[in-house]
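What follows is the residue order along each chain.
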Amino acid sequence: KKAHAYAWEIAADYSHPVVRSASFVLTPVWNKIYRGVLVHHLDKVKEAAPGHEVVYVPCHRSHMDYLLLSYLLFERGIVPPHIAAGINLNLPVVGTLLRKGGAFFMRRSFRGNPLYSAVFTEYVAQLVSGGYSLEYFIEGGRSRTGRLLQPKGGMIAMTVRGYLRQPTRPVLFQPVYIGYEKLMEGNSYLDELSGKPKEKESIWSLLWGIPKVLRSNYGQVVVNFGEPIRLGEVLAEHAPDWDGKPLAEDEKPAWLADTVEVLAQNIQVNINGAADVNPINLLALAILSTPKHAMGEADLLTQIALSKTLLAEMPYSDRFTVTPHTPEEIVAHGEEIGVLQRIPHPLGDVLSVDDDTAVLLSYFRNNVVHLFTASSWIACCFQHNRRMSRRTLVRLGRTVYPFLQAELFLPWSEDEFAARVDRIAEVFVREGLLQLVNDDEGGILQRNQGQSDEVFRLRAIGHTLQQAFERYYIAISVLVKNGPGTLGAAELES
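Residues numbered from 1 in each chain as written. Predicted model: local features only at pLDDT ≥ 70, side-chain atom pairs only at ≥ 80, totals over all residues. Heavy atoms only, no water.

**Let's talk about the layout of surface pockets**
The gaps left among the atoms become clear once a water-sized probe is rolled over them. So the rule is basically this: Of the two site types, the cavity is a set of points on a 1 Å grid over the protein atoms alone where a 1.4 Å probe fits but cannot get out, and the pocket is an open set with protein on both sides within 12 Å along at least five of seven lines, each lined by residues with an atom within 4 Å of a point. Grid points are joined across faces, edges and corners, and a volume is the space filled by probe spheres set on the points. Secondary structure counts use DSSP, requiring at least four H or I residues in a row for a helix and at least two E residues in a row for a strand, with both numbered from the N terminus. When residue character is reported, Ala, Val, Leu, Ile, Met, Phe, Trp, Tyr, Cys and Pro are called nonpolar, Asp, Glu, Lys and Arg charged, and the others, Gly included, polar.
For the second largest pocket, the calculated volume is near 850 Å³. Around the second largest pocket, the lining is made up of 34 residues, and of these Met106, Arg107, Arg108, Gly140 and Met155 lie nearest the centre. Of all elements in the fold, only β3 (82-86), α6 (114-129) and α7 (154-165) reach the threshold of two or more residues within the lining of the second largest pocket. Counting residues per element, the lining of the second largest pocket draws most heavily on α7, at five residues. Partitioning the lining of the second largest pocket into residue classes produces 15 nonpolar, ten polar and nine charged.

So, in structure tokens, the structure goes:
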């Protein structure tokens, strides 16, 4: 009886008429609150998906994520997936509608309840063996900082074990990047980041919030489909002794944990590889690099142009996208959706953001900070050094790269990162931010003296990752000072 009750609590109740009706309702809503939804690389998904069990694994930034993705797939003739949703969304009426749209509900923790765990695992295994497409968020919850969170492997492990029990249809993990210009949850994230507890979802707060949402302009949304990951290829590499025959449901081979870990990391890397750089991301990168979050209009335009040049010269991947708008159009758009404030001045207008907006903008800066890793590293090296050899720049870059790779889910090997640093240094020289003063030791690079425009632009690029480098430095210097094996985690923190 208990297991039966758990099954009813968990299971979706997909209804095509309800999904069709929801698409009619949502179309005018999206048109009212968004200035369009752009989709890239869906054609590649349609090529790769036939014959596969498809698992959509998007980044999780907003409650809009699952509605948007299901709506887009349905509108383009693809059956919406079954979506793993938190039990907190199983509200009266809303929960029923979500179930009809393909949502199934999971508790935050399975700990201490083996029966619930068994029922849930079996439900996922039935979906996988039945060929139903799935969708879940491996970050576990919405990111409050704008960066990808460290992945949780629970759902991936269930999917892999479901496949190993009945290896009939090959499994394809499809990473999805969803980029917003303005978040519906922006103010609640602001509260949570300043220490207030997360508010519990309720039907009344949802209903009260609808009129405000419908009156707002949330800019444009971009949905990018990343490079898919085939489970068969990962198993061939990490489970070479598996012969392709079904495993018993209670069997846990030694290679399973490693396979799940590799899948989780690769999914996050491929989500970041499909990032979209929108106007708000570029404004945030530029304007947050100044102490008072204000910039002269000419400086802001130049900085945005420099960011676009760096992205164009050294593309991050073949799936990432950048806004086609000019710096002038980007600034105008920032003013239009209420992000920037213009302060008239006879020597040239100043554009600024208030303190609350600056905190929210840090979210959008963090969405794309990984795209500027090599550029920021070079710029940081010249914050307090006027000169440095290219060889030293690359050597130190190799040293710090493993930390950055783990934090930002970067796709390159150390050699590939070193090559990027070398090539971006050439772009900096061409753009006049650095000079190549001689060719000994692979060349000595130097920046201008004093407070020139070039030094200002260089400092702005370095600012995006400066705090990360400072964190690494503080932690490592304390460890080196105290020697190995002397500090526990708590002592290191204090």
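**Quick word on unusual backbone geometry**
If a residue is not glycine, its phi is most likely negative; likewise, a peptide bond is most likely trans. Basically, it comes down to this: Relative accessibility thresholds used throughout: buried, under 20% of the residue-type maximum; exposed, over 50%; partly exposed, between the two (1.4 Å probe, protein chains only).
In this structure, His41 takes a positive phi of about 70° despite not being glycine. In this fold, His41 is placed in the loop between β1 (37-40) and α3 (42-48). Taking relative accessible area as the criterion, His41 reaches 16% and is therefore assigned buried. Backbone geometry at Phe409 places phi at a positive 55°, although glycine is not the residue there. Structurally, Phe409 can be placed in the loop between α17 (390-408) and α18 (414-430). Phe409 gets classed as buried once you look at its relative accessible area, which sits at 1%.

**Quick look at the pattern of salt bridges**
Heads up, the rule is: A pair is scored as a salt bridge if a Lys or Arg side-chain nitrogen falls within 4 Å of a carboxyl oxygen belonging to Asp or Glu.
Throughout the structure, instances matching the rule amount to 15 salt bridges. Of the charged contacts, one joins Lys100 and Asp13 as a salt bridge, the two residues approaching to 2.9 Å between their closest N and O atoms. Placement of Lys100 in helix α5 (residues 94-100) and of Asp13 in the loop between α1 (2-10) and α2 (16-33) is noted, with a sequence separation of 87 residues between them. Between Arg35 and Glu336 there is a salt bridge, with the nearest N and O atoms lying 2.8 Å from each other. In this pair, Arg35 is assigned in the loop between α2 and β1 and Glu336 in helix α14 (residues 327-336), connecting sequence segments 301 residues apart. Residue classification places Glu336 among the partly exposed positions, given a relative accessible area of 47%. Taken together, the shared-partner salt bridges in this structure form one network comprising Glu297, Glu335, Arg342 and Asp349.

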